[in-house]
Structures are given as structure tokens and as C-alpha cells.
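# Descriptive structure summary
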Amino acid sequence: RDSAKSYEENLRTMVHALEELGCVDTGFLERLEQREEQSTMVFTGGVALPHTVQYATDRLTLAVGVLPKGIRSAEREVNVVFLLGLPEQLDEEDNLLIRIYDEIITIAQDSELRERIAAADNYQTLLQALYREAQ
């Protein structure tokens, strides 16, 4: 949530918080950075979707970062970061991952919704913005 920091710095902050919670392993950030070198995970529509495999758990991990003022990365503005840690084997979470991707595409295409999400200053406000869209 720090628009004064770069996209990469904000991403590192998010990953370190997930590491402390035991949601991702210590090599997760390095794999993200390697993946970003191959192809940017910052998309049009103000959304970034950094993702890679995580080995800390067998569950999908999703963290949301909001940047109300936006920051530039890969020559694109980013307002919302959806950080995904994918388990090595997805199995029954395959459908969940598809639903998450669908929702992210919807958010990227809806500037009003994206702005409400980016303005969220706490978890409850974020849920309210997302819930209004689901209705």
C-alpha cells in the first residue's frame, strides 16, 4: 500500500509478510523474480498478477495489494496486485484457480471496481468492494 515504493519493493513486502505467516517458502520471491524476468506479470487495466509455485503448503495462497495512487511498472500503471502462491499439485483447487482468474479479468476490465478495490484501506473495505461486485 505504499505508492512511494516501486512495484518490486511492494511485492517483496507482500512476499515477506506471507513468508512470516508460513504461507510461502523462502524461495518463493526468487522464483517470482525469475518469472518476471521472462515476462512481466503486470497487465493492462491496472492489475498485476505475480504468481509461481510455493512449497510451504499444499493450498493456494492469495494476497491482495492495493495502491490507491498507482505506481508504474513495465510501462503500465498498477493499482491492484493479486499475488498467487500455487501449490505444487492443484487437484481440487483447479476450479478455484479458474474462478480467481475470471474475477481478476473482470476487475481489470472494470475501472470503477478496480478503483474501489485500490482505495480499500483495510480488509473489511476490500471485502465490501468485492462483495458489491458479486451481487
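Before any of the text, the structure's been laid out above.
Okay, so let's go over this structure. (Residues numbered from 1 in each chain as written. Predicted model: local features only at pLDDT ≥ 70, side-chain atom pairs only at ≥ 80, totals over all residues. Heavy atoms only, no water.)

## Regarding the overall build of the protein
- Check the secondary structure of the protein and you find five helices and four strands.
- Overall, the protein shows an N-to-C arrangement of helices and strands of α-α-β-β-β-β-α-α-α.
- Relative to its length of 135 residues, the protein is compact, with a C-alpha radius of gyration of 14 Å against a globular reference of 14 Å.
- When the backbone C-alpha atoms are referred to their principal axes, the protein occupies close to 35 × 35 × 25 Å.
- Per-residue burial for the protein yields a buried fraction of 39% across its 135 residues.
- For the protein, long-range pairs separated by at least 24 residues make up 62% of all intrachain contacts whose partners lie at least 6 apart in sequence.
- Here the protein displays about 8000 Å² of accessible surface, and carbon together with sulfur accounts for 47% of that area.
- In the protein, 13 positive and 25 negative side-chain charges are present, and the distance between their average locations comes to 6 Å. (Helix = DSSP H or I, 4+ residues; strand = E, 2+ residues; numbered from the N terminus. Rg over C-alpha atoms; globule rule 2.2 N^0.38 Å. Buried < 20%, exposed > 50% of the residue type's maximum accessible area, 1.4 Å probe, protein only. Contact = heavy atoms within 4.5 Å. Areas by Shrake-Rupley, 256 points an atom, 1.4 Å probe, with all protein chains shown as cover. Lys, Arg positive; Asp, Glu negative; His and termini not counted. Charge placed at Lys NZ, Arg CZ, Asp CG, Glu CD.)

## A look at the environment of R114
- You can see R114 is positioned in helix 4 (residues 111-118).
- For the pair formed by R114 and V66, sequence separation is 48 residues and the distance between their alpha carbons is 9.5 Å.
- Contacts of R114, omitting those with residues within four sequence positions, involve G45, G46, V47, N79, V80, I107 and A108.

## What about the packing of helix 1 (residues 7-20) against helix 2 (residues 28-38)?
- Following both chains from N to C, one finds helix 1 and helix 2 inclined at 150°, their axes separated by 10 Å at the closest point. Our classification of the angle between helix 1 and helix 2 gives roughly antiparallel. Judged by the sense of rotation from one axis to the other, the crossing of helix 1 with helix 2 is right-handed. Judged by residue contacts, Y7, L11, R12, V15 and H16 of helix 1 engage F28, L29, L32, E33 and E36 from helix 2. (Axes fitted to C-alpha atoms, helices over the stretch in contact; angles between N-to-C directions. Parallel < 35°, antiparallel > 145°, perpendicular 65-115°, else oblique. Left-handed = near helix turned anticlockwise from the far one by under 90°.)

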